[in-house]
Amino acid sequence: MPGTTMALPAPSAMPTLSELLKAETAEHHRHAERRQLQRDLAAGRLAPDAYAAWLGQMLLLHRALALAVQGAVPHCAALAAVIRAPEVHVAHLEADLRAVGVEPAAVEPIPAIARAATELRACAADAPLALLGHDYVLEGSTNGNRFIARAVARTLGEGALRYLDPYGETQPSEWSGYRARLDALALDAAARATVVAGARAMFDRVAELSVELGERFGHAGPDGDATSGPPSGPR
Ligand code: HEM
C-alpha cells in the first residue's frame, strides 16, 4: 500500500546442527538419565561389580561405533570433519577396566549393546551420516560424566575415571570445538534428520543398557519419569 510501512515477519533463523540435536533429543536425554542405574551411577551408588559391568558395555559400544566410523569415513567426509580419535575413549575404557580387574577381551555384550552394534554396522553401510548422531551422544555425555566422575570417586576411588573424565579442565573447550565442527557442515534438511535419528537411537540403546544392567545388579527401581518407554516409542 502506498505510504504504508508493512512489517515483514523476520525470517526464521534455521537452528545450527548442534542446536537442532540438543532440542530434538532433549526428551531422549531426560529418559536416559532417569533410568535407575544411571541415577545410581551419577550418585556414586554403584558397587564395584556393577561399575565394572557398565564400563565393559560402554567399551563394546564405543568400539562398535569406532569401527563403524572407520568403515564409513571413506564415503562420508562429514564424519572425518567432525570426529576426532574415537579410539581414545576405547583406550580409556580398556585402561579403566584393567584398573578394576577386568580383562577387556573377556567382556560379552548384553542384548542392548548387541543391538547397538548391529545398528551401527547397518548405518556404516546405508546411512553413514547417522553415525554423527550416535557419536554426538557419546561425545556429549562427557558434559555430565565429569560430574558423575566426582561422585564415583567418592565411593569407588579415583583409579578408574579416565573414561568419565577424559578431558579434565579442557572439557568445555573440547565440547565447544566439537559443536563448532558439527555446525560447519553444510547439510540439507534430510541429512540433518538422519543425524538426529542416529542420536535418538544411541540415546535409546544407552537407556536400554541401563535397564538391562540395572536388572542384573539390583538397580531396577521405578522409572524416574512418568513414561515407561523411550520417547521414540516402542520399536
Ligand atoms: C544422571 C545422568 C546424567 C546427568 C546428570 C547428565 C547431565 C548433563 C549435563 C549437566 C549436561 C550439560 C547440559 C548443558 O550444558 O546444556 C549434559 C549434556 C549432555 N548429555 Fe548428559 N547427563 C546424564 C546422562 C547422560 C547420558 C546417559 C547420555 C548419553 C549417553 C548423555 C548425553 C548428553 C549429551 C549428548 C549432552 C550434550 C547436550 C548438548 O549440549 O547438545 N547424558 N548432560
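Before going into details, it helps to say that this report is about the structure given with it. (Residues numbered from 1 in each chain as written. Predicted model: local features only at pLDDT ≥ 70, side-chain atom pairs only at ≥ 80, totals over all residues.)

This paragraph deals with the overall build of the protein. In terms of helices and strands, the protein carries 11 helices and 0 strands. The linear arrangement of helices and strands in the protein, starting from the amino end, is α-α-α-α-α-α-α-α-α-α-α. Per-residue burial for the protein yields a buried fraction of 40% across its 235 residues. For the protein, the proportion of contacts with a sequence separation of at least 24, taken over those separated by at least 6, is 86%. (Helix = DSSP H or I, 4+ residues; strand = E, 2+ residues; numbered from the N terminus. Buried ≥ 20, exposed ≤ 12 C-beta atoms within 10 Å, placed from the backbone. Contact = placed C-beta atoms within 7 Å.)

Next up on the list: the site of the ligand. In the region of the ligand, 18 residues are neighbours, and Lys22, Ala42, Gly140, Asn143 and Gly144 sit closest. Among the elements of the structure, α1 (17–24), α2 (26–33), α3 (36–42), α8 (130–140), α9 (142–156) and α11 (189–217) are those that each provide at least two residues to the shell around the ligand. In terms of residue count, α8 provides more of the shell around the ligand than any other element does, 4 residues in total. Residues of the shell around the ligand, tallied by class, amount to 8 nonpolar, 7 polar and 3 charged. (Near = placed C-beta within 6 Å. Nonpolar A, V, L, I, M, F, W, Y, C, P; charged D, E, K, R; others polar.)

Attention now goes to the environment of Ala68. Topologically, Ala68 is positioned in helix α4 (residues 48–72). Contact partners of Ala68, with chain neighbours within four places excluded, come to Leu120, Arg121, Cys123, Ala124 and Leu131.

This part takes up helix α7 (residues 111–126). A rise of 1.5 Å per residue sets the reference length of α7, with its 16 residues, at 22 Å; its end C-alpha atoms lie 22 Å apart and thus fit the reference within 8%. Elements that come into contact with the buried residues of α7 comprise α4, α8 and α11. (Expected span 1.5 Å × (residues − 1).)

So, about the nonpolar core. In this structure, Leu55, Ala68 and Leu131 are the most contacted members of the largest nonpolar core, which totals 58 residues. Residue contributions to this core peak at 13 residues, all from α4. Not counting the four nearest positions on each side in its chain, Leu55 is found in contact with Leu93, Asp96, Leu97, Val100, Ala160 and Tyr163. (Core = buried A, V, L, I, M, F, W, Y, C linked by C-beta atoms within 7 Å.)

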